[in-house]
Amino acid sequence: GQQVMQIPQYQHVQEGEDFTTYCNSSTTLSNIQWYKQRPGGHPVFLIQLVKSGEVKKQKRLTFQFGEAKKNSSLHITATQTTDVGTYFCAGRGYGQNFVFGPGTRLSVLP
Amino acid sequence: NAGVTQTPKFRVLKTGQSMTLLCAQDMNHEYMYWYRQDPGMGLRLIHYSVGEGTTAKGEVPDGYNVSRLKKQNFLLGLESAAPSQTSVYFCASSDRDSLREQFFGPGTRLTVL
């Protein structure tokens with residue numbers, strides 16, 4: 001079945017540094033979503049990407065969908081302590097349910 | 001609007017006991033999902049429903065049953081709990097449009113001894 005991987009598993013950064021997490025699917029995706037889960041909380045939807053090569057920005061967050069629609073990335077510029085949490089990608093194959101990656105846990109040192 | 005609510009928040013069971021987790025949503029969403037979250041494994045889909053009266057198996061359905069008798073409620077049952085079912089369980093709902101943004105409940109932390 002479809003598999004979704006994320007790297008790195010953990011990332012520790014100094015406040016103000018940039019952060020990137022990568023998501024890779026074993027199959028071509030129709031769309032991909034990104035979620036953020038704060039420690040002790042529940043996943044919260046960030047964004048959805050649908051088109052090949054699509055790039056979307058939300059303030060300091062930049063999301064990309066690969067040309068082959070099998071990978072995606074989330075980049076955070078100048079991290080803040082409020083960015084702490086686990087970032088999940090969820091990929092959906094054509095006619096399939098979303099499959100979540102294992103997540104990247106981000107810690108930000110002040 | 002409360003969004004998605006889950007009952008209970010915490011539960012400890014002994015092996016072999018049964019229980020039901022309740023999920024309720026007030027957004028009139030068609031789709032509802034049950035996930036389990038284990039360390040390092042992300043969220044895995046247990047069962048889902050695309051409408052009242054319908055249910056379907058997800059990635060890890062064994063040992064669980066579900067029912068969707070009312071559109072706003074989705075119940076997850078464990079008939080005979082096992083230690084391997086120790087996990088955090090999240091319910092989510094989404095609309096049937098192309099976005100399919102999933103709204104998650106606060107989670108239920110279940111420990112099976």
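Residues numbered from 1 in each chain as written. Chains lettered and ligands numbered in written order. Predicted model: local features only at pLDDT ≥ 70, side-chain atom pairs only at ≥ 80, totals over all residues. Heavy atoms only, no water.

## Digging into the sheet that holds strand 6 (residues 55-58) of chain A
Residues and elements named next belong to chain A.
Piece 1. Judged by pairing direction, the sheet is antiparallel, and its 5 strands sit side by side in the order 1-3-8-7-6 without closing on themselves. The open sheet terminates on both sides in strands that have one partner only, identified here as strand 1 (4-7) and strand 6. Averaged over all neighbouring strand pairs, the angle between strand axes comes to 15 degrees, with direction disregarded.
Piece 2. Both strand 1 and strand 3 (residues 19-25) contribute to a ladder of 4 bridges, which runs antiparallel. Each residue of the ladder has a partner; that of Gln6, found in strand 3, is Cys23. (Pairing = 2+ DSSP bridges. Helix = DSSP H or I, 4+ residues; strand = E, 2+ residues; numbered from the N terminus. Axes fitted to C-alpha atoms, helices over the stretch in contact; angles between N-to-C directions.)

## Re the state of the cysteines
Residue and element names in this part refer to chain A.
Piece 1. Tallied over the full model, the rule gives 2 disulfides over all chains.
Piece 2. Paired by a disulfide, Cys23 and Cys89 hold their sulfur atoms 2.0 Å apart. Judged by the torsion about the S-S bond (75 degrees), the Cys23/Cys89 disulfide is right-handed. Of this pair, Cys23 sits in strand 3 while Cys89 is found in strand 9 (residues 85-92), placing the two residues 66 residues apart along the sequence.
Piece 3. Look at Cys89 and you get buried, because its relative accessible area is 0%. (Disulfide = S-S within 2.5 Å. Buried < 20%, exposed > 50% of the residue type's maximum accessible area, 1.4 Å probe, protein only.)

## A closer look at the packing of aromatic side chains
Piece 1. Scanning the entire structure with this criterion turns up 10 aromatic pairs over all chains.
Piece 2. Seen from their ring centres, Tyr35 of chain A and Phe100 of chain A are 5.4 Å apart, and the 45 degrees between their planes marks the pair as tilted. Here the residue Tyr35 of chain A occupies a position in strand 4 (residues 31-37), and Phe100 of chain A occupies one in strand 10 (residues 98-100), the gap between them amounting to 65 residues.
Piece 3. A relative accessible area of 0% means that Tyr35 of chain A is categorised as buried.
Piece 4. Here Tyr64 of chain B and Tyr89 of chain B contribute two aromatic rings whose centre-to-centre distance is 5.9 Å and whose plane-to-plane angle is 65 degrees, an arrangement assigned as edge-to-face. Taken together, the positions of Tyr64 of chain B in the loop between strand 6 (56-57) and strand 7 (65-67) and Tyr89 of chain B in strand 9 (residues 87-94) put the pair 25 residues apart, joining distant regions of the chain.
Piece 5. The rings of Tyr35, Phe45 and Phe100 of chain A together with Tyr33, Tyr35, Phe90 and Phe104 of chain B are connected pair by pair, giving a single aromatic cluster. (Phe/Tyr/Trp six-rings, centres within 6.5 Å; stacked < 30°, edge-to-face > 60°.)

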